Amino acid sequence: MPQFDEVIHQPLRLRIMSALSTLPDKQGMEFSRLKKLTGATDGNLGAHIETLAKAGYVSVEKAFVAKRPQTTVTVTPAGRTAFGEHVLSLRQIIDSGAQEN
Amino acid sequence: MIDRSEAAAALSDIADIAERVRQSRIYQVASLIMMLWGVLAFCGYLTQYLRPRYADITWVAVDLVGFAGSAAISFIQKARAWRIGAAFIILIAFGLLWTIGIAHFTPRQLSAFWPTYYMTVYAIAGLWLGPAFLVIAGAIMALTLIGYFYSGPWFDLWMAFVNGGGLLLAGAWMRRE
C-alpha cells in the first residue's frame, strides 16, 4: 500500500519535491530557481528545504560560483521513492473515493 | 487526512510544477544549442561573404562542429535527445536531396533555404515546446526573406547578423526565461 507522506504533503514541500523529482537522477536545482518556480520567499523556502533535508528527502550543497554563493538542492533516492509513493497514495485516494478520517 | 478533492488538487499542482520544470529544461538545453549555432552561423556567413571560394568547406566544418557541439550539450545536460538528433539527420538528408541533388539551388538560394528550413522545424516544435520557439522562428524567417529579396550583394553579411546574431540573442533571451 503506497504511503501517504505528511512531510511531503505540505503545499510548498510538495511543490519542491515535484520540481526536484522531475529532474534526472543526481541533478539538482539552484535555490533561486526553486524560489522562482514555487513562488516562495527566501525564509519560507529555506525552512521547508531544511525540513525535507532532515527527513532525508533532499540534500543541500553550498558552493561559490564566480565568488557568489550558490545553493543547490537535489532529491535523494529516498526522497524520490517517498515522493513516488506519495503520488500513488494520492491517486489511490481519488480512485477509491475514500475519506481519511 | 485528506479527501478526494484535496488529493486531486495536490496532483494538479504536482503536474503543473513538473510541466514547468520540463519546459524550463527544454529552454535551457535549446538556448545553449541556439547560442552555439548562432556563433557558428555568424562565422559561416561572414566567411562566405569575405571568402566565397571557401564557402563549401566552411559550411561542412560549421555543420560538423555544430552537430558535435549540440550532441555534447545534450549529453552533458542529460537531455536524452537522440530522437531529435536523428530527426535532424533525416531533415538534413531531405534538404540536401532537393537543394543539391535535384533542384541545384544557387548559393543565394541555399543561404536563404537552410535557415528558413530549420526555422520551420523550430516553429512546429514550438507548438509543443513553448511560444519562444515560434517567436524566434518567425522573426528569423521574416528577416531572412527580407534580406533575400532586398539586401542585394550584402545578403551573406545580412545573414551573418540575422541568422547568426539572431540565434545568439534568442538563445541568450531564452536562457533568461
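Residues numbered from 1 in each chain as written. Chains lettered and ligands numbered in written order. Predicted model: local features only at pLDDT ≥ 70, side-chain atom pairs only at ≥ 80, totals over all residues. Heavy atoms only, no water.

K.L.:
Hey, could you run me through the overall build of chain A in this one?
P.N.:
Scanning chain A from terminus to terminus reveals five helices and three strands. For chain A, the succession of helices and strands along the chain, N to C, is α-α-β-α-α-β-β-α. Taken over the C-alpha atoms alone, chain A extends approximately 55 × 25 × 20 Å along its principal axes. Taking all contacts inside chain A whose residues are at least 6 apart in sequence as the whole, residues at least 24 apart take part in 58%. Surface accessibility of chain A: about 5,700 Å² in total, with carbon and sulfur atoms responsible for 52%. The centroid of the 12 positive side-chain charges in chain A is displaced by 11 Å from the centroid of its 10 negative side-chain charges. (Helix = DSSP H or I, 4+ residues; strand = E, 2+ residues; numbered from the N terminus. Contact = heavy atoms within 4.5 Å. Areas by Shrake-Rupley, 256 points an atom, 1.4 Å probe, with all protein chains shown as cover. Lys, Arg positive; Asp, Glu negative; His and termini not counted. Charge placed at Lys NZ, Arg CZ, Asp CG, Glu CD.)

K.L.:
Just checking my understanding: could you explain the overall build of chain B for this structure?
P.N.:
Helices and strands together make up the secondary structure of chain B, namely six helices and zero strands. Reading the helices (α) and strands (β) of chain B from amino to carboxyl end gives α-α-α-α-α-α. Taken along its principal axes, the extent of the C-alpha atoms in chain B is 75 × 30 × 30 Å. Classification of the 177 residues of chain B by burial places 38% in the buried group. Partitioning the contacts of chain B with sequence separation of at least 6, the portion at a separation of at least 24 is 69%. Surface accessibility of chain B: about 10,200 Å² in total, with carbon and sulfur atoms responsible for 72%. Placing the 12 positive and 9 negative side-chain charges of chain B at their respective mean positions leaves the two points 9 Å apart. (Buried < 20%, exposed > 50% of the residue type's maximum accessible area, 1.4 Å probe, protein only.)

K.L.:
Honestly, the layout of surface pockets in this entry has me stumped. Any pointers?
P.N.:
A water-sized probe, rolled over the atoms, reveals where empty space remains. The volume enclosed by the second largest pocket comes to roughly 1,100 Å³. Lining the second largest pocket we find 30 residues, and of these Glu30, Ser32 and Arg33 of chain A together with Gln28 and Arg175 of chain B sit closest to its centre. Those elements that provide at least two residues to the lining of the second largest pocket are strand 1 (29-30), helix 3 (31-38) and strand 3 (68-75) of chain A together with helix 1 (4-50) and helix 6 (155-176) of chain B. At six residues, the largest contribution of residues to the lining of the second largest pocket is made by helix 1 of chain B. Residue classes in the lining of the second largest pocket are distributed as eleven nonpolar, ten polar and nine charged. (1 Å grid on protein atoms, 1.4 Å probe; cavity = no way out; pocket = protein on both sides within 12 Å on 5 of 7 lines; lining within 4 Å. Points joined across faces, edges and corners; volume = space filled by probe spheres on them. Nonpolar A, V, L, I, M, F, W, Y, C, P; charged D, E, K, R; others polar.)

K.L.:
Help me out: how do you make sense of the pairing of strand 2 (residues 58-65) of chain A in this one?
P.N.:
For a regular strand, side chains alternate in direction, first toward one face of the sheet and then toward the other. All names here are of chain A. Alignment of strand 2 against strand 3, held across eight bridges, turns out to be antiparallel. Along strand 3, the bridge assignment pairs Val60 with Val73. What sits between strand 2 and strand 3 in their antiparallel hairpin is a turn of two residues, with Ala66 showing a positive phi close to 50°. (Pairing = 2+ DSSP bridges.)

K.L.:
Quick question: what am I supposed to make of the sheet that holds strand 1 of chain A here?
P.N.:
Paired through their backbone hydrogen bonds, the strands of a sheet run either parallel or antiparallel. Residue and element names in this part refer to chain A. The sheet built from three strands is open, its strands ordered 1-3-2 with antiparallel pairing. Taken across any chain shown, the strands that pair with only one partner, and hence form the sheet edges, are strand 1 and strand 2. Contacting strand 1, strand 2 and strand 3, helix 2 (residues 11-22) crosses the sheet at an angle of about 85° to strand 3. (Axes fitted to C-alpha atoms, helices over the stretch in contact; angles between N-to-C directions.)

K.L.:
Whenever I open this one, the environment of Leu12 of chain A confuses me. Can you help?
P.N.:
Residue and element names in this part refer to chain A. Here Leu12 is to be found in helix 2. Separated by 32 residues in the primary sequence, Leu12 and Asn44 have C-alpha atoms spaced 8.8 Å apart. Those residues in contact with Leu12 that lie beyond four places of it in its chain are Thr38, Ala40, Asn44, Leu45 and His48.

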